Amino acid sequence: MAAIENGIKKENDNDRIILKQVKTWLITSNLILILSSIVVTLVSTTILITVILLMSVKSNTPNIPQVPASSNESDVWIHGVKVVSRDEWLAQPAQEREKLTLPVKYVFISHTATDFCNNQAECVHRVRYIQIFHMSSQGWADIGYNFLVGGDGNVYEGRGWDYVGQHTYYYNNISLGLSFIGTFNDYMPPKSQIFAAQKIIEKGVELGKISKNYTLLGHRQVSNTESPGDALFSEIKKWPHWSQTP
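Not measured: the values here are computed from a predicted model. (Residues numbered from 1 in each chain as written. Predicted model: local features only at pLDDT ≥ 70, side-chain atom pairs only at ≥ 80, totals over all residues. Heavy atoms only, no water.)

Of regular secondary structure, the protein possesses four helices and seven strands. For the protein, the α and β elements follow one another from N to C terminus as α-β-β-β-α-β-β-β-α-β-α. Each of the 246 residues in the protein was classed as buried or not, and the buried ones make up 38%. Contacts in the protein between residues at least 24 apart in sequence constitute 69% of all its contacts with a sequence separation of at least 6. Carbon and sulfur atoms form 58% of the exposed surface of the protein, whose accessible area is close to 15,200 Å². (Helix = DSSP H or I, 4+ residues; strand = E, 2+ residues; numbered from the N terminus. Buried < 20%, exposed > 50% of the residue type's maximum accessible area, 1.4 Å probe, protein only. Contact = heavy atoms within 4.5 Å. Areas by Shrake-Rupley, 256 points an atom, 1.4 Å probe, with all protein chains shown as cover.)

So, in structure tokens, the structure goes:
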């Protein structure tokens, strides 16, 4: 009997040891789970705070204009405005053109009276069409304007700084012609287009191509035309150097 009792006692002791080990394992597992949850929570909170701080820094960073992806090292920029060269818009070769006597006294603002454009691909299409019309239909040596300004905020090189244009009768050889791509009778050009036009004029003065005391006029002021349109004309009347009379 004593042997049986001892056997039972040993079995009970073993059960107690196993039960104790199970309890210890369960407690340890629970602690590990709790600690893991705490670590995950801390890591998530740290990531969230970091993201919020980075977004805050980004929002306080000045919005510096970025060069478009289509740009390359050969692009010409003037006061933050891209000048699209004749080669870039695939201009036809010009015929013989007369040189301007610089600096010119007048700057004339016109509109092309065509559809508007708001990206470089559209504006290139408009400029090429205008050149073809001027050369083929009008019989001119080249596109008539010295520069064109697109709704994409780019300036398109026409005859450039040095050549007499065909944009304003009786004034071509003493002026530069700057034309806004579009028709602006009833609505204003976007701010980017206006900005680009103003900056190319400023650059002309800096380069000595335009007189420092130049006179700014709308095309309609010396020709029988609606150009540059009522809306645009009301805008350029606010610009420096605009004059009621030539």
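Additional details are given in the paragraphs that follow.
The subject of this paragraph is the packing of aromatic side chains. Under the criterion given, the structure shown has eight aromatic pairs. An angle of 65° between the planes, with centres 5.5 Å apart, marks the rings of Phe184 and Tyr187 as edge-to-face. Through a chain of ring-to-ring contacts, the aromatic side chains of Phe116, Phe180, Phe184 and Tyr187 assemble into a single cluster. Taking NZ or CZ as reference, Arg97 lies 3.9 Å from the ring centre of Tyr163, over its face. (Phe/Tyr/Trp six-rings, centres within 6.5 Å; stacked < 30°, edge-to-face > 60°. Lys NZ or Arg CZ within 6 Å of the ring centre and 35° of its normal.)

Let's shift gears to the sheet that holds strand E2 (residues 81–84). Strand order across the open sheet formed by seven strands is E1-E2-E5-E4-E6-E3-E7, with mixed pairing between neighbours. Looking at strand neighbours, the two that pair on one side only are strand E1 (76–78) and strand E7 (210–218), the edges of this open sheet. Averaged over all pairs of adjacent strands, the angle between their axes in this sheet comes to 30°, without regard to strand direction. Lying on the sheet, helix H3 (residues 191–206) is in contact with E1, E2, strand E3 (104–111), strand E4 (147–149), strand E5 (155–157), strand E6 (175–180) and E7; it crosses E7 at an angle near 145°. (Pairing = 2+ DSSP bridges. Axes fitted to C-alpha atoms, helices over the stretch in contact; angles between N-to-C directions.)

With that out of the way, let us pick up the side chain of Thr215. Structurally, Thr215 can be placed in strand E7. Beyond its immediate chain neighbours, meaning those up to four positions away, Thr215 contacts Lys105, Tyr106, Val107, His241, Ser243 and Thr245.

This part takes up the confidence of the model for the protein. On average, residues of the protein score 84 in pLDDT, and 73% of them are at 70 or above. In the predicted structure, residues 57–73 sits below a pLDDT of 50 and forms five contacts with residues beyond four places in sequence or in another chain. (pLDDT = per-residue confidence, 0-100.)

Here the focus is the state of the cysteines. Taken as a whole, this structure holds one disulfide when the rule is applied. Between the sulfur of Cys117 and that of Cys123 lies a disulfide, 2.1 Å long from S to S. Torsion about the S-S bond of the Cys117 and Cys123 cystine: about 95°, corresponding to right-handed handedness. Summarising the burial analysis for this pair, Cys117 and Cys123 share the class buried. (Disulfide = S-S within 2.5 Å.)

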